[in-house]
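Breakdown of the fold
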Amino acid sequence: MLVEAAVESLGAAQAATEGGAHRIELCADLAHGGTTPPLELPTVPIPVYVLVRPRAGDFVYTAAEHRVMLEQIRQAKAAGARGIVTGALTRAGQVDVERTAELIAAARPLGVTFHRAIDASTSITAALETLIELGVDRVLTSGGATTAVLGVETIGRLVMQAAGRIAILAGGGIDASNAARIVQETGAQEIHFSVKTAQKVRDVLESL
């Protein structure tokens, strides 16, 4: 089981590492779903992925915002990021294939996670197939629900649909009280939750 810790500070990244997390997602403004953080990366012995999302709100971006995202990816790579977390939708609620492909190309050879924009798509299953075709490495999802607990059935279906072609990273309100249930009911091999202290990571790991 791989644990990814979403953090907003260098201190939280260090705490997550001490607690046993396997990967970091560095973000800002997690209270509003996360945005691109200041690109000062923590010095930790685990991979740091950087969220590239220029603003809170929807995932339909203007041409100017898209250019900002491409520049943020360039800066994250220069700062030493091991992966990029990003994504874009069309006004029709589908994966924006052209722009997402450009984001992926800009990020390579780093790992690429498509974030919870998939939960705002009109068809999560269709979006997943599109992301597989685009070559995305993993998708972060709560199964289209407000939390992973409420979306367990959909997450489980996505794991089956993925069939090893893409990793399903379950996230959304996960903690020690529900992590084991989510893992057992979905078959997900990766989970994601926000972290401020090492103890939260330890508690989740002990619950599994």
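The sections below set out a description of the structure shown in this document. (Residues numbered from 1 in each chain as written. Predicted model: local features only at pLDDT ≥ 70, side-chain atom pairs only at ≥ 80, totals over all residues. Heavy atoms only, no water.)

Attention now moves to the overall build of the protein chain. The secondary structure content of the protein chain amounts to 7 helices and 8 strands. For a compact globule of 208 residues, the expected C-alpha radius of gyration is about 17 Å, and the protein chain comes in at 16 Å, within 12% of that figure. Principal axes of the C-alpha set define a box for the protein chain whose edges measure 45 × 35 × 30 Å. Put simply, the protein chain has 208 residues, and 51% of those count as buried. Counting only contacts in the protein chain whose residues sit at least 6 apart along the sequence, the fraction spanning at least 24 positions is 61%. In the structure as shown, the protein chain presents an accessible area of about 8,900 Å², 52% of it carried by carbon and sulfur atoms. Between the averaged position of the 18 positive side-chain charges in the protein chain and that of its 22 negative side-chain charges there is a distance of 2 Å. (Helix = DSSP H or I, 4+ residues; strand = E, 2+ residues; numbered from the N terminus. Rg over C-alpha atoms; globule rule 2.2 N^0.38 Å. Buried < 20%, exposed > 50% of the residue type's maximum accessible area, 1.4 Å probe, protein only. Contact = heavy atoms within 4.5 Å. Areas by Shrake-Rupley, 256 points an atom, 1.4 Å probe, with all protein chains shown as cover. Lys, Arg positive; Asp, Glu negative; His and termini not counted. Charge placed at Lys NZ, Arg CZ, Asp CG, Glu CD.)

Right, let's talk about the packing of aromatic side chains for a bit. Working definition: an aromatic ring pair is given by the centre-to-centre distance plus the angle between the planes. Under the defined criterion, the tally for this structure stands at 0 aromatic pairs. Just above the ring of Tyr49 sits the side chain of Arg23; from NZ or CZ to the centre is 5.3 Å. (Phe/Tyr/Trp six-rings, centres within 6.5 Å; stacked < 30°, edge-to-face > 60°. Lys NZ or Arg CZ within 6 Å of the ring centre and 35° of its normal.)

We now examine unusual backbone geometry. Of note, the bond from Arg108 into Pro109 is cis; its omega dihedral lies within 30 degrees of zero at 15°. Locating Pro109 in the fold gives a position in the loop between helix 3 (97–107) and strand 5 (111–114). Positive phi outside glycine occurs at Asp29, with the angle close to 55°. Tracing the backbone through its elements, the reader meets Asp29 in the loop between strand 2 (23–26) and strand 3 (48–51). Unusually for a residue other than glycine, Ala163 sits at a positive phi of about 50°. In this structure, Ala163 sits in the loop between helix 5 (152–162) and strand 7 (167–171). The exposed category is assigned to Ala163, whose relative accessible area is 59%.

Moving on to the packing of helix 4 (residues 124–134) against helix 5. Packing of helix 4 against helix 5 leaves a shortest axis separation of 11 Å and a crossing angle of 35°. Of the two possible hands of crossing, helix 4 and helix 5 adopt the one that is right-handed. Residue-level contacts link Ile124, Thr125, Leu128 and Glu129 of helix 4 to Thr154, Leu158, Gln161 and Ala162 of helix 5. Taken together, the residues of the contact of helix 4 with helix 5 break down into 4 nonpolar, 3 polar and 1 charged. (Axes fitted to C-alpha atoms, helices over the stretch in contact; angles between N-to-C directions. Left-handed = near helix turned anticlockwise from the far one by under 90°. Nonpolar A, V, L, I, M, F, W, Y, C, P; charged D, E, K, R; others polar.)

Attention shifts here to the pairing of strand 6 (residues 138–141). Neither face of strand 6 is open: one carries Arg138 and Leu140, the other Val139 and Thr141, and all of them are buried. Bridge count for strand 5 against strand 6 is 2 bridges, and the pairing is parallel. Residue pairing for strand 6: Thr113 is matched across the bridge by Arg138. With helix 4 bridging strand 5 and its parallel neighbour strand 6, the resulting β-α-β unit is right-handed. With 4 bridges joining them, strand 6 and strand 7 adopt parallel strand pairing. (Pairing = 2+ DSSP bridges. Right-handed = clockwise from strand over helix to strand, strands pointing away.)

What follows deals with the nonpolar core. One finds Val7, Phe114 and Ile191 to be the most contacted residues of the largest nonpolar core, which totals 58 residues. For Ile191, the residues in contact, after removing those within four places along its chain, are Met1, Leu2, Val3, Glu4, Leu169, Ala170, Ile174, Ala179, Val183, Val204 and Leu208. Ala6, Cys27, Tyr49 and Leu51 belong to the second-largest nonpolar core, a separate cluster that totals 5 residues. (Core = buried A, V, L, I, M, F, W, Y, C linked by side-chain atoms within 4.5 Å.)

Looking now at the sheet that holds strand 1 (residues 2–7). Pairing is parallel in the closed barrel, where 8 strands are placed in the order 1-2-3-4-5-6-7-8. Pairwise comparison of adjacent strand axes, ignoring direction, gives a mean angle of 25° for this sheet. Taken together, the 4 bridges between strand 1 and strand 2 define a ladder with parallel strand orientation. Bridging from a neighbouring strand, Val7 pairs with Leu26 of strand 2. Most of the contacts of helix 7 (residues 198–207) go to strand 8 (residues 190–194), to which it runs at about 150°, and overall it touches strand 1 and strand 8.

Bringing the side chain of Ser121 into the picture now. Turning to its location among the elements, Ser121 is positioned in the loop between strand 5 and helix 4. For Ser121, the side chain forms a polar contact with the main-chain oxygen of Ile118, separated by 2.6 Å. (Polar contact = N/O pair within 3.5 Å; in protein donor to acceptor, adjacent residues only side chain to side chain.)

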